[in-house]
Amino acid sequence: MKTITKRLAIVLTTKCTLRCRLCSNHIPRFEKPAHTPYSEIVSDLDHIFELFDYIDWLQLVGGEVFMRRDIGEIIEYAFKYKAKFKKMVIMTNATVLPRGTGMAVLKQHGKDCLIQISDYGPLSSKKDYLLKSLEQNEISCVVKQYYGDNQYYGGWIDNTNREPFSGCDEELKSLTAQCPQVVMQNMHSFGGKLYPCCNSCFLSELGAVHSTKADFIDLNDTNISTEEKRAILSTFYLSPHASCRVCRWYDCNNANVRRHPAAEQI
Ligand code: SF4
């Protein structure tokens, strides 16, 4: 059986140019934000494409990924595996422009890339320039408006209240089965570990939840065969993970959940 996922995000950095109070990746909580070393990123990419036959969206996420001077080299390396993914999707807040060889490499792979801009109004100070450069270089992009009265999805949810879920296991299982992160199969890879979703990744890395071996795959673990890792992957979304007990993301499409203006700065 082929091992396929809809989305897989590589976390390139926990550095960001903004400090958003309700950041869905909990970035302002990192006391020592850092770029993931290039050697770890390429090692993770090698392990990931050994495990997966195909990935729809290979995403590059942060923090703000365009803060990296080696973004061009990272994109170039990932494109070694182009036969195994449909599109590379790069998330940015449009506060900085691609550095180094970034734009040239994007131009080279333009038709296979999508730049996803979170537009925070005046905070996204490089948006117009970035849009112009992307257009000139024939690189696709989408802009999500996160300012003013008509914000994408009505704004952000507050997922910072980590009161543990008080219901029974079966109830949590049925709630998390509908979590958008589960439906999107939005796996996240960070420093040698592969997590089932963004919250399991960032909350575990922050030490806010105690993830066990059932909650992630150690990509560097040579005691587990590739086949065994694939077997774990096939059960990734069958049960809630430790992070689901302190996360409310499963409820985020509920019309009763309050939406907040995006990108309020701390
Ligand atoms: S509810 Fe669980 S699966 Fe959904 S985002 Fe939160 S931790 Fe991930």
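Our subject is the structure listed above.
**Observations concerning the environment of M103**
- Structurally, M103 can be placed in helix 3 (residues 102-108).
- We classify M103 as buried; it has 20 C-beta atoms within 10 Å.
- For the pair M103 and I71, spaced 32 residues apart in sequence, the C-alpha separation works out to 9.2 Å.
- With residues near it in sequence (within four places) discarded, M103 still touches P98, S133 and N137.

**Some thoughts on the sheet that holds strand 2 (residues 54-61)**
- Strand order across the open sheet formed by 8 strands is 5-4-3-2-1-6-7-8, with mixed pairing between neighbours. The open sheet has two free edges, formed respectively by strand 5 (140-145) and strand 8 (217-218), since each of these has just one partner strand.
- Relative to strand 6 (residues 186-190), strand 1 (residues 4-11) is paired through 4 bridges, and the arrangement is parallel. Its bridge partner being in strand 6, R7 is matched across the sheet by N186.
- The sheet contacts of helix 1 (residues 38-51) involve strand 1 and strand 6, and relative to strand 1 the element is tilted by about 170°.

**Quick notes on unusual backbone geometry**
- The step from G62 to G63 runs through a cis peptide bond, and the omega angle for that step is 25°.
- One can find G63 in the loop between strand 2 and helix 2 (71-78).
- For H26, which is not glycine, the phi torsion reads 60° and is therefore positive.
- Structurally, the position occupied by H26 is in the loop between strand 1 and helix 1.
- C-beta crowding within 10 Å serves as the criterion here: with 20 such atoms nearby, H26 is assigned to the buried category.

**Notes on the site of the ligand**
- Around the ligand sit 13 residues in total, of which C179, C197, C244, C247 and W249 are the nearest.
- Residue assignment for the shell around the ligand shows that the elements contributing at least two residues are helix 6 (180-183) and helix 7 (198-205).
- Partitioning the shell around the ligand into residue classes produces 7 nonpolar, 6 polar and no charged.

**Quick word on the packing of helix 1 against helix 2**
- Remark: helix 1 packs on helix 2, axes separated minimally by 10 Å, with the N-to-C direction vectors making an angle of 15°. Between helix 1 and helix 2, the angle is such that the two are roughly parallel. As helix 1 runs across helix 2, the sense of the crossing is right-handed. Only E73, I74, Y77 and A78 of helix 2 make contact with helix 1, whose side of the interface consists of Y38, I41, V42 and L45.
- Residues of the contact of helix 1 with helix 2, tallied by class, amount to 7 nonpolar, no polar and 1 charged.

**Some details on the nonpolar core**
- In this structure, L12, V65, M88 and I90 are the most contacted members of the largest nonpolar core, which totals 53 residues.
- Those residues in contact with L12, other than ones at most four positions away along the chain, are H35, T36, I41, L60, V61, G62, V65, R68 and I74.
- One finds C16, Y146, W156 and A262 within the second-largest nonpolar core, a separate group that totals 9 residues.

Reading guide: rules and limits
- Residues numbered from 1 in each chain as written.
- Predicted model: local features only at pLDDT ≥ 70, side-chain atom pairs only at ≥ 80, totals over all residues.
- Helix = DSSP H or I, 4+ residues; strand = E, 2+ residues; numbered from the N terminus.
- Buried ≥ 20, exposed ≤ 12 C-beta atoms within 10 Å, placed from the backbone.
- Contact = placed C-beta atoms within 7 Å.
- Pairing = 2+ DSSP bridges.
- Axes fitted to C-alpha atoms, helices over the stretch in contact; angles between N-to-C directions.
- Near = placed C-beta within 6 Å.
- Nonpolar A, V, L, I, M, F, W, Y, C, P; charged D, E, K, R; others polar.
- Parallel < 35°, antiparallel > 145°, perpendicular 65-115°, else oblique.
- Left-handed = near helix turned anticlockwise from the far one by under 90°.
- Core = buried A, V, L, I, M, F, W, Y, C linked by C-beta atoms within 7 Å.

By themselves, these figures tell us nothing about what the structure is for.
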